[in-house]
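# Topology and contacts: notes
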Amino acid sequence: MNIDQIAHLTASGESETLEFKTTAGTRREAARTVCAFLNQDGGQVLFGVTRDGGVAGQQVGERTIEELSAELRQIDPPAFPTVERLPVDRGREVIVVSTDRGPTRPYIYRGNAYRRVGNTTLALSTDEYNRMLFERMHSEQRWENQPAAGWSIGDLDVAEIRRVVAEGVRRGRMDEPPSREPADLLRGLGVLHNGVLLRAAAVLFGNGERLEADMPQCLLRVARFRGTDKMRFLDNRQFNGNAFTLLANAERFLRDSLPIAARFEDNRFDRIDEPLYPPLATREALANALCHRDYSIGGGSIGVAIYDDRLEITSAGSLHFGLTPEKLFVPHESRPWNPLIARAFHRRGIIEEWGHGTLKMTDLTSAAGLPMLEIEDDDWCVTVRFRHGQFVQESGDRGGRSANRCAEVLVLLNRAEEGLTRRDIHARLGSGVSERQVRRALEELRDKRLVVTKNRGPLTRWVLKQGRDRGAIGAR
């Protein structure tokens, strides 16, 4: 970093990822902020910069750096932010302390954990701390990477194992195994460790009868309802089996149960018959549900429910790693909850690209002329909802409409390099959306720190918040 870069940084003012300190004498406050940066998206503390962004610099000696480094060592688990010294003039310098998002969150400083809200450093709540701690433990000791007690290779579908490996090699997503023996193939997939089968192997390739007895959560529930609620069944079934079998059963149910939508084009005489919902989009939703669900919930399952006005695909568990339904509609970090299971789906070709699932579903539904995809997280299950636009949503569902409107705005901003004015957004959403609804959606997204504004007055443009730009890799 050089002084020109410092001037560019300070021009934008303090933020969630930037803080100014006049002198290193405030190193304790700065260490709290570094702790907050580690717990969120990283950031920089600049010493020798006034609160209004003036680059004054300060006298810096070796003892200054030693004392600052000693304070940063009070952060636990140990973190190693970079410390730079940049000359300003007349022997004065700016100290830059930089860190990325920490790999072993949550971090604490002198016994307390912190987070950033705007340009303020606040204590992390107990719930937030426990969630981060749970996610850290999950990365080391997950349900899927524990031994499948009592299971042997004889309990698995060897033909499916070979199909996954063959497809992975063909697509260049894994190396050629040393042999075609099942044990070597399973080791290559990472689901056989020291001769012991992991639970991921059972979920991916297990025999249905054995799974029904040992892992009843490997369950698919499908239903077709008459109307728009669950009062009247037309069809209601359950399937037990491994993930690939459940995916095949779910897709077969959709093919058999969904009506065909017919349309005509000006340059064609014959009618065009297509599935009501894009099959590639529904397959992506099913794959996501199978890969990201919480298998530790014994009574959990995957659900497929068809109503007259919509299709809902649900999976047990909730979103993790700071993801929210709104964040799934813009590029985001790829953090699968079950990476071994997700990797096998990727090698099999069911998941084509890491982290583009929800973006791909959004594009497919939009291209099919369907209403905006909806995603909900109610803490015990995640629901992906497709609508076909021929029914009016009930007036009482204000929360669902609000979340859907926010998602529509995020999709528009993700496609606009330079952002959009409120008037532009209103025009692109169409006549069915009022200016008041657009204003409320933008205010809600700003409060959630997903969007920011550029310029002022009538020329104000709304853009995605820095750090969530299009260069990132997405997930779920």
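Residues numbered from 1 in each chain as written. Predicted model: local features only at pLDDT ≥ 70, side-chain atom pairs only at ≥ 80, totals over all residues. Heavy atoms only, no water.

## Concerning the packing of helix α9 (residues 243-257) against helix α10 (residues 279-292)
The contact between α9 and α10 brings their axes to 10 Å, and the two run at 150 degrees. At the point where α9 passes α10, the crossing takes the right-handed sense. Here Ala243, Leu246, Leu247, Ala250, Glu251 and Leu254 of α9 lie close against α10, whose contacting residues are Thr282, Arg283, Leu286, Ala287 and Leu290. The class makeup of the residues in the contact of α9 with α10 is eight nonpolar, one polar and two charged. (Axes fitted to C-alpha atoms, helices over the stretch in contact; angles between N-to-C directions. Helix = DSSP H or I, 4+ residues; strand = E, 2+ residues; numbered from the N terminus. Left-handed = near helix turned anticlockwise from the far one by under 90°. Contact = heavy atoms within 4.5 Å. Nonpolar A, V, L, I, M, F, W, Y, C, P; charged D, E, K, R; others polar.)

## Topic: the confidence of the model for the protein
Looking at the protein, the pLDDT average stands at 86 and 89% of residues meet or exceed 70. Helix α7 (residues 199-205) holds the highest mean pLDDT among the elements of the protein, 97, whereas strand β13 (residues 260-263) holds the lowest, 60. Here residues 391-399 scores under 50 on pLDDT; set against residues more than four positions off or in separate chains, the count is ten contacts. When the criterion is pLDDT under 50, residues 467-475 qualifies, and its contacts beyond four places in sequence or with other chains add up to 32 contacts. (pLDDT = per-residue confidence, 0-100.)

## Topic: the layout of surface pockets
If you add up the space inside the second largest pocket, you get close to 530 Å³. Around the second largest pocket, the lining is made up of 27 residues, and of these Lys230, Gly303, Ala305, Thr314 and Trp380 lie nearest the centre. Grouping the constituent residues of the lining of the second largest pocket by class yields eleven nonpolar, ten polar and six charged. (1 Å grid on protein atoms, 1.4 Å probe; cavity = no way out; pocket = protein on both sides within 12 Å on 5 of 7 lines; lining within 4 Å. Points joined across faces, edges and corners; volume = space filled by probe spheres on them.)

## Observations concerning a positive patch on the surface
Among the surface-exposed residues, Arg422, Arg436, Arg439 and Arg440 lie close enough to one another that they form a single positively charged patch. Take the positive patch: its biggest share by element is three residues, from helix α15 (residues 435-447). On the secondary structure map, Arg422 appears in helix α14 (residues 422-429). Exposure remark for Arg422: the relative accessible area of 38% places this residue in the partly exposed category. (Patch = residues over 30% accessible without salt bridge, like charges linked within 9 Å, V, L, I, M, F, W, Y side chains within 5 Å. Areas by Shrake-Rupley, 256 points an atom, 1.4 Å probe, with all protein chains shown as cover. Salt bridge = Lys/Arg side-chain N within 4 Å of Asp/Glu carboxyl O. Lys, Arg positive; Asp, Glu negative; His and termini not counted. Charge placed at Lys NZ, Arg CZ, Asp CG, Glu CD. Buried < 20%, exposed > 50% of the residue type's maximum accessible area, 1.4 Å probe, protein only.)

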